[in-house]
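Residue strings, one per chain:
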Amino acid sequence: MYSLGIDLGGTKIEIVAIDEQGREVARKRIASPRGSYNETVATMVGLVGEVERKIGPGNPLGVAIPGSISSRGTIKNANSWWLNGRDLRGDLVRALRRDEVYLENDANCFVLSEAEDGAGHGHEVVWGLILGTGCGSGVAIGRQVLRGRNSLTGEWGHNPLPWMDPEEEQMARSAHCYCGKIGCIETFVSGTGFEREYERLTGQRLPGVELGKLVAAQDGPAMIAYVHYLDRLARAIACYANFLDPDIIVLGGGMSNVDLLYEGLPIFIRRYIFGGEFSTPITKAVHGDSSGVRGAAWLPRIKGQGERPLLLIS
Ligand SMILES: [Zn+2]
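All values reported here derive from a predicted model rather than from experimental measurement. (Residues numbered from 1 in each chain as written. Predicted model: local features only at pLDDT ≥ 70, side-chain atom pairs only at ≥ 80, totals over all residues. Heavy atoms only, no water.)

## A word on the nonpolar core
Here's step 1: In terms of nonpolar packing, the biggest core is built from 42 residues, with Trp-156, Leu-261 and Leu-265 touching the most fellow members.
Here's step 2: For this core, the leading source of residues is helix α8 (residues 220–244), giving 13 residues.
Here's step 3: If near-sequence neighbours (up to four positions away) are discounted, Leu-261 is found in contact with Tyr-226, Tyr-229, Leu-230, Leu-233, Leu-251, Met-255 and Pro-266.
Here's step 4: Formed by 28 residues, the second largest nonpolar core is a distinct cluster that contains Ile-6, Tyr-37, Val-63 and Leu-88. (Core = buried A, V, L, I, M, F, W, Y, C linked by side-chain atoms within 4.5 Å. Buried < 20%, exposed > 50% of the residue type's maximum accessible area, 1.4 Å probe, protein only. Helix = DSSP H or I, 4+ residues; strand = E, 2+ residues; numbered from the N terminus. Contact = heavy atoms within 4.5 Å.)

Structural data, given as structure tokens:
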């Protein structure tokens, strides 16, 4: 028995098929048709058809989506704006002639994948953070995604950066977040936030991958930007660890490839965490960029297991 997962990103759409042990038997990635909802659905249907010609028809499908599901069942808060307000689940059910298609927020799929058979395996409370172009997070408890009544669990990126100094308050006022607020954690601790900090200090904008190389080479200006970034990320984590106190924190997204973070974060978090004690492991995602698509493929399996309370879409 196989299951299919699709990661519906703003720039690419990826599909995998996994067997019962989580081994991948098929995978394909193509560019997203930006701006067109109908083309997006057609592309997804085409990918399912292509994979099922290899592995056989009728496999259960999960989809990792940007944004979340509104109370009406339509998509909301997606930065791929052409999805918003659309009944993606219903349209896929009809187009693919399935009884059900399972949709879940991409950060929730990320944490689900890492909790199932990734870095969080064997841990009860897993907090997964994606530090990429934006910043998302998800919480899995007992290998279930905690979605929350308003589909808000893990949306830490749109709270203000804690313990801002006057300079950061000034920065916050000039950097408006797409959510409409100012001073959001996302504007500071996403990969984009790191690029912006380097630009603020040096006047030069470099892609995150290049900055990562400069940090690894201990380049002076890059290290100053990095230490500012590290301190802000440590504050953002400490504030929410004071509330959730997870068993493990798993990092994904482009910034998770900066190896120095895993040494620096525990030290900096102890400066801010209540009581100064913090032994929680912070590790890189085992499945890297594939965590979202793998988590999507796990969705129908988890939903299919009756002994687990249902927190996913029905
Ligand atoms: Zn925001």
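This is not the end of the story, as more comes after the structure.
## Remarks on the domain arrangement of the protein
Here's step 1: As assigned here, the protein comprises domain 1 (3–109 + 289–304) and domain 2 (122–285).
Here's step 2: Both faces combined, the contact of domain 1 with domain 2 buries some 810 Å², and carbon together with sulfur accounts for 47% of it.
Here's step 3: For the pair domain 1 and domain 2, the number of links is one salt bridge.
Here's step 4: The salt bridge partner of Glu-104 is Arg-147, with a shortest N-O separation of 3.1 Å.
Here's step 5: At the boundary of domain 1 with domain 2, the tally comes to one residue pair in polar contact (both at pLDDT 80 or more). (Domains from an automatic or database assignment. Buried area = accessible area lost by both parts, 1.4 Å probe. Salt bridge = Lys/Arg side-chain N within 4 Å of Asp/Glu carboxyl O. Polar contact = N/O pair within 3.5 Å; in protein donor to acceptor, adjacent residues only side chain to side chain.)

## Quick look at the side chain of Ser-151
Here's step 1: Looking at where Ser-151 falls in the secondary structure, it is placed in the loop between β10 (144–145) and α4 (166–174).
Here's step 2: Accessibility expressed as a relative area gives 14% for Ser-151, which makes it buried.
Here's step 3: Setting aside anything within four residues of it in sequence, one finds Ser-151 in contact with Ser-68 and Ile-69.

## A few points about the sheet that holds strand β3 (residues 24–31)
Here's step 1: Across the sheet, five strands lie side by side as β3-β2-β1-β4-β7; this open sheet has mixed pairing. With one partner strand each, in any of the chains shown, β3 and β7 (102–105) form the two edges of the open sheet. The mean inter-strand angle of the sheet, taken between neighbouring strand axes irrespective of direction, is 15 degrees.
Here's step 2: Pairing of strand β1 (residues 3–8) with strand β2 (residues 12–18), which is carried by six bridges, proceeds in the antiparallel orientation. The partner of Gly-5 across the bridge, within β2, is Val-16.
Here's step 3: Against the sheet, helix α1 (residues 37–55) contacts β1, β2, β3 and β4 (61–65), and its axis sits at roughly 30 degrees relative to β2. (Pairing = 2+ DSSP bridges. Axes fitted to C-alpha atoms, helices over the stretch in contact; angles between N-to-C directions.)

## Let's talk about the packing of aromatic side chains
Here's step 1: Across all of its chains, the model carries five aromatic pairs by this definition.
Here's step 2: Plain terms: the ring middles of Trp-81 and Trp-82 are 5.3 Å apart, the flat faces sit at 90 degrees to each other, and that makes the pair edge-to-face.
Here's step 3: With relative accessibility at 56%, the residue Trp-81 sits in the exposed group.
Here's step 4: An aromatic cluster of three or more residues is present, and its members are Trp-127, Trp-156 and Tyr-240.
Here's step 5: Lying over the aromatic face of Phe-268, Arg-271 brings its terminal NZ or CZ to 4.1 Å of the ring centre. (Phe/Tyr/Trp six-rings, centres within 6.5 Å; stacked < 30°, edge-to-face > 60°. Lys NZ or Arg CZ within 6 Å of the ring centre and 35° of its normal.)

## Things to note about the pattern of salt bridges
Here's step 1: This structure, assessed with the given rule, holds 26 salt bridges.
Here's step 2: Across the pair Glu-199 and Arg-205 runs a salt bridge whose closest N-O atoms are separated by 2.9 Å.
Here's step 3: Its relative accessible area of 31% is what places Glu-199 among the partly exposed residues.
Here's step 4: Notably, a salt bridge pairs Asp-231 with Arg-271, separated by 3.8 Å at the nearest N-O pair. Residue Asp-231 is located in helix α8, and its partner Arg-271 is located in helix α9 (residues 260–272); the two are separated by 40 residues in the primary sequence.
Here's step 5: A relative accessible area of 12% places Asp-231 in the buried class.
Here's step 6: Given a relative accessible area of 54%, Arg-271 falls into the exposed group.
Here's step 7: Connected through salt bridges with shared partners, the residues Asp-7, Lys-12, Glu-14, Glu-24, Arg-27, Arg-29, Asp-117 and Arg-294 form a single ionic network.

## Section: the coordination of the zinc ion
Here's step 1: Those donors, His-158 (ND1), Cys-177 (SG), Cys-179 (SG) and Cys-184 (SG), are the protein atoms that reach the zinc ion, and they lie 2.1 to 2.3 Å from it.
Here's step 2: The site at the zinc ion holds four donor atoms, and with the angles between them running 103 to 121 degrees, its shape is tetrahedral.
Here's step 3: Written as a sequence motif, the donor residues of the zinc ion are H-x18-C-x1-C-x4-C. Linking His-158 in the loop between β10 and α4 with Cys-177 in the loop between α4 and α5 (185–189), this pair joins segments that are 19 residues apart in sequence.
Here's step 4: When its relative accessible area of 21% is taken as the criterion, His-158 is described as partly exposed.
Here's step 5: Residue classification places Cys-177 among the buried positions, given a relative accessible area of 7%. (Donors = N, O, S within 2.8 Å, 3.2 Å for Na, K, Ca; no water. Tetrahedral: all angles 85-135°; square planar, octahedral: opposite > 155°, others 65-115°.)

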